[in-house]
Structures are given as C-alpha cells and as structure tokens.
Amino acid sequence: MAILIVEKVLIHTSHTRMCSKYAVIIITWALLFLYVANVALSRKLLIDNYDPTKVKWSIVVQSCNEAFAFEKRYANFFIRTSAHDSLAFDSKSGGADGSVLLTEDELSRPENTYDQFTYKLSPIAKKIADRTRASVADVIAVCGAVAVEYLGGPNIFKINTPTPFYVGRTDTNVPNPHKQLAKASLNTTQFASFAQDKGLTLQEMTALMGSHVLIDDQNCKNNDDTECDPTTERCDRIKMFSWSNLYYKDVCTMPTQIYMHAIETVENITKAQQKKNAMCRYTSQKLKGEQVTEVLADLGPVDTIRTGYQNVIVETKEHPVWPYTINDAYLGNACQNKTLLPQETDLAIASHMKTFATNSVLWNSIYAEAYKKMISLRAVWSNKIQIPL
C-alpha cells in the first residue's frame, strides 16, 4: 500500500514537472512573440510617424556645423559613425538606421569605443534630431557629409554623381548584427570580397578608404609632415583635421613590412611630447583638457621609452611608426607592386590608389558617390526624398 502511494506521488510529481516544463516553454515563446511584435510595431510607428518633408534640412546642416565649430574632431567622428551605422548589416537585418548611437549594445562594442566616439556623439545626434525632428539615422548621414566639407572637402550634397542624396531613413532601437564591419587586418582579397558583399564596387570601397587620412595616429603632424606645437599654435589644420588625398600618397610610397604576429617596437617619446600629442587630438579646451588628464594619468613621473607591438613596420627613419591599419598596409603593398603573385584584384586596387593619389578631384567625386550609396544600404525609408538643399 505504501509503495502504491509513493508510486502515485512520483507519477503526479513527474506529470507536474512535465507540465511546468511545457508551461515555461510556452511562456518563453509567448514573451518572445510579444517582444518581436512590439519591436515590429515600434518600427512601424517610427516609419509611419517620420516625415522628412517637414524637416528643415538647412537647420540640420547648420547644427552639424555648430557641433564641429565647438569641437572639430566631431567631424572625424561623424564620418566614422556613418560607416559603422551603414555597413553593419547581414542578409537579415542592419544598415543605416541610427542604432549605432541609439543602442547600448552598439555603443559599447569594441569597434565603437575607441576614444568613446559613439558615446560622445550620441547626445549630440539626439539633440539635433529632437531640435529638427529628423531621425538620428538621417542626422548621422547628413552630418557625415557636412563633416567632409567642414574639413576642406567637397560639398557632397551638390557634387554631381549618379546617386542623389536621399533622406527619410527611420531609426530602430534594435542593434545591428555583430561582426559585420571590415576587420582592420583584411588583405586585398578579403577587402574586395567585403566590398562586393556590401554592394559597393572595388573603386568605391577604395575611395572610402581615403578618409583614413583623418586617423588620429598622425598626432601633431601637418600636411607637410612638420610638427605643430599645440602649446603655441591652434593646431586645428593638422593632418588629422584636413580632408585631402594624402592617404593614397602615404600608403603608396611608405615602404612597409607586414608581420603575421606583432613584434615589439621601441619609440623614444618624452612625456612632454606625449602631452602635446594628446592636446592635438581635440580642438576644444574642454575635450583637450580631458584627453591630457587621461594621458598624464597613465604616465610616470619621468620620461620613459615607450614600447609597443606592431604588425606593420615602416622601413624608413622619416616615418618610424605606421599610422594606419594592417589593411591599409596591404593596399599600400598592392599600390607599390610589392604583392607576391598579384591577382586581378591587386592590380585593380593599385590602379585606383595611384589614380586617387594624383587626381584629388576624381577621388572626391567617387567618394561622394560611394558615400551616398553607403548611407542608403539597407535603410528602411519612411518617405524617401532627395535632400532639399
């Protein structure tokens, strides 16, 4: 009798556990369905409620310029952000949707945390969007274009290219998929595949790379490679704040050696010079002061010899440190005809790089076309219109 009771209890308990298990599964799926439905509804509301024809786009442009006047490096940041927002997509989701500045997931990704550039831009883009009733996605696209002209480049809105400059992108609070941006170590074959996957020609992708001239590893270098002294000069027209085709001239002429495994390098740099380099990274007193404080906190009380690890070594005394990425070095090798057994891709890259190095007008034109295509990739449009400027 006791055994029968125990068996009944066990059966009942097992049945209860099984029911509980199914209940958890059902509830989980129900919650997931509600989440997906809520996201879809939120996106639909954003699409239905956003009307770019009611936005005063001249005010958006003015707001971008005001931000750059306060801090010139914001222009560099918006150019980078436009690429990170637009190119982060796979076959299912992502694209130019503002999520890079709207979701904590993307704000905190390693590729977006260098110098905290997305965290610095997020409140600015949101403020411009609130002020003008534009979407954050459109603010990113427009400010990225304004930034080029602010730094000395062409007016992308007016430059004559086959693709118009459209606005009307809707925002999303869903982060773009991970690991969709180009790795900094791509070789030429991988670089060409990335361009094709993203719907860009090899010429357009090579043109977009020219914005790397704005990289901050240039420190206080002027366009003629002389040093600007931020303790006595403004240093707001140095290489990293000047739109030019010098990137192609650099990578097509600097002899480099690429190593699969990083090797240790030694750089003689004084504490005073490191402070100057920190000062050159920003133009506003506020951010300049914050950067210097951060750098000095990491330095000891006396001058030190700084060591590091590099995958790319420059083989000349004039340029002891490679300021660009490993990918840039591979493109440079193609341009210098140093690629072993060059493929058709290498020859095409070399041709584009050499052309852009000698013809800045053509580079600007191809860049403008590539930029307009890039910022429209996978965008979800509320009411797609050509920007009325």
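Here, the structure is the one placed above.
Residues numbered from 1 in each chain as written. Predicted model: local features only at pLDDT ≥ 70, side-chain atom pairs only at ≥ 80, totals over all residues. Heavy atoms only, no water.

**Considerations on the packing of aromatic side chains**
In this structure the tally under the stated criterion is 16 aromatic pairs. A centroid spacing of 4.9 Å and a plane angle of 70 degrees characterise the contact between tryptophan 243 and tyrosine 367, whose relative ring orientation is edge-to-face. Here the residue tryptophan 243 occupies a position in the loop between helix H9 (202–208) and helix H10 (246–251), and tyrosine 367 occupies one in helix H15 (residues 360–374), the gap between them amounting to 124 residues. Each member of the pair, tryptophan 243 together with tyrosine 367, is buried. Linked through ring pairs, Trp243, Tyr247, Tyr248, Trp322, Tyr324, Phe356, Trp363, Tyr367 and Tyr371 together constitute an aromatic cluster. A cation sits over an aromatic face here: arginine 80 above phenylalanine 117, 4.5 Å from the ring centre. Taking NZ or CZ as reference, lysine 384 lies 4.4 Å from the ring centre of tyrosine 166, over its face. (Phe/Tyr/Trp six-rings, centres within 6.5 Å; stacked < 30°, edge-to-face > 60°. Helix = DSSP H or I, 4+ residues; strand = E, 2+ residues; numbered from the N terminus. Buried < 20%, exposed > 50% of the residue type's maximum accessible area, 1.4 Å probe, protein only. Lys NZ or Arg CZ within 6 Å of the ring centre and 35° of its normal.)

**Regarding the packing of helix H2 (residues 57–70) against helix H7 (residues 136–150)**
Taken N-terminus to C-terminus, the directions of H2 and H7 make an angle of 60 degrees; their axes are 9 Å apart at the nearest point. Looking at the two axes, H2 sits oblique to H7. In this structure, H2 crosses over H7, and the sense of that crossing is right-handed. Residues Trp57, Val60, Val61, Cys64, Asn65, Phe68 and Ala69 of H2 pack against Asp138, Val142, Cys143, Val146, Ala147 and Tyr150 of H7. Of the residues assigned to the contact of H2 with H7, the class counts are 11 nonpolar, 1 polar and 1 charged. (Axes fitted to C-alpha atoms, helices over the stretch in contact; angles between N-to-C directions. Parallel < 35°, antiparallel > 145°, perpendicular 65-115°, else oblique. Left-handed = near helix turned anticlockwise from the far one by under 90°. Contact = heavy atoms within 4.5 Å. Nonpolar A, V, L, I, M, F, W, Y, C, P; charged D, E, K, R; others polar.)

**Observations regarding the nonpolar core**
Ranked by size, the top nonpolar core spans 95 residues in total, and within it Trp57, Phe68, Val142, Phe165, Tyr247, Met353 and Tyr367 carry the most contacts. A per-element tally of this core places H7 first, with 10 residues. With near-sequence residues (within four places) excluded, phenylalanine 68 lies in contact with Tyr74, Ala75, Phe78, Cys143, Val146, Ala147 and Tyr150. (Core = buried A, V, L, I, M, F, W, Y, C linked by side-chain atoms within 4.5 Å.)

**A look at the state of the cysteines**
In a disulfide, the sulfur atoms of two cysteines are held together by a covalent bond. Going through the model one piece at a time under the given rule, you end up with 4 disulfides. Cysteine 64 shares a disulfide with cysteine 143; S-S distance 2.0 Å. Note on the cysteine 64 and cysteine 143 pair: the S-S dihedral is about -80 degrees, so by sign convention the disulfide is left-handed. Within this pair, whereas cysteine 64 is found in helix H2, its partner cysteine 143 is found in helix H7, the two being separated by 79 residues in sequence. Comparing cysteine 64 with cysteine 143 shows no difference in burial state: the two are buried. Between cysteine 228 and cysteine 235 runs a disulfide, and the two sulfur atoms are separated by 2.0 Å. (Disulfide = S-S within 2.5 Å.)

**Some points on the side chain of lysine 288**
Mapped onto the secondary structure, lysine 288 falls in helix H12 (residues 285–298). Buried and unpaired, lysine 288 has glutamate 71 as its nearest opposite-charge partner, separated by 7.2 Å. Leaving out residues up to four positions away in the same chain, lysine 288 has contacts with Met279, Tyr282 and Thr283. (Lys, Arg positive; Asp, Glu negative; His and termini not counted. Salt bridge = Lys/Arg side-chain N within 4 Å of Asp/Glu carboxyl O.)

**Re the pattern of salt bridges**
This model, assessed by the stated rule, comprises 14 salt bridges. The closest approach of N and O atoms between lysine 239 and aspartate 250, which form a salt bridge, is 2.8 Å. With lysine 239 in the loop between H9 and H10 and aspartate 250 in helix H10, the pair connects residues that are 11 residues apart, well separated along the chain. Since its relative accessible area comes to 9%, aspartate 250 is described here as buried.

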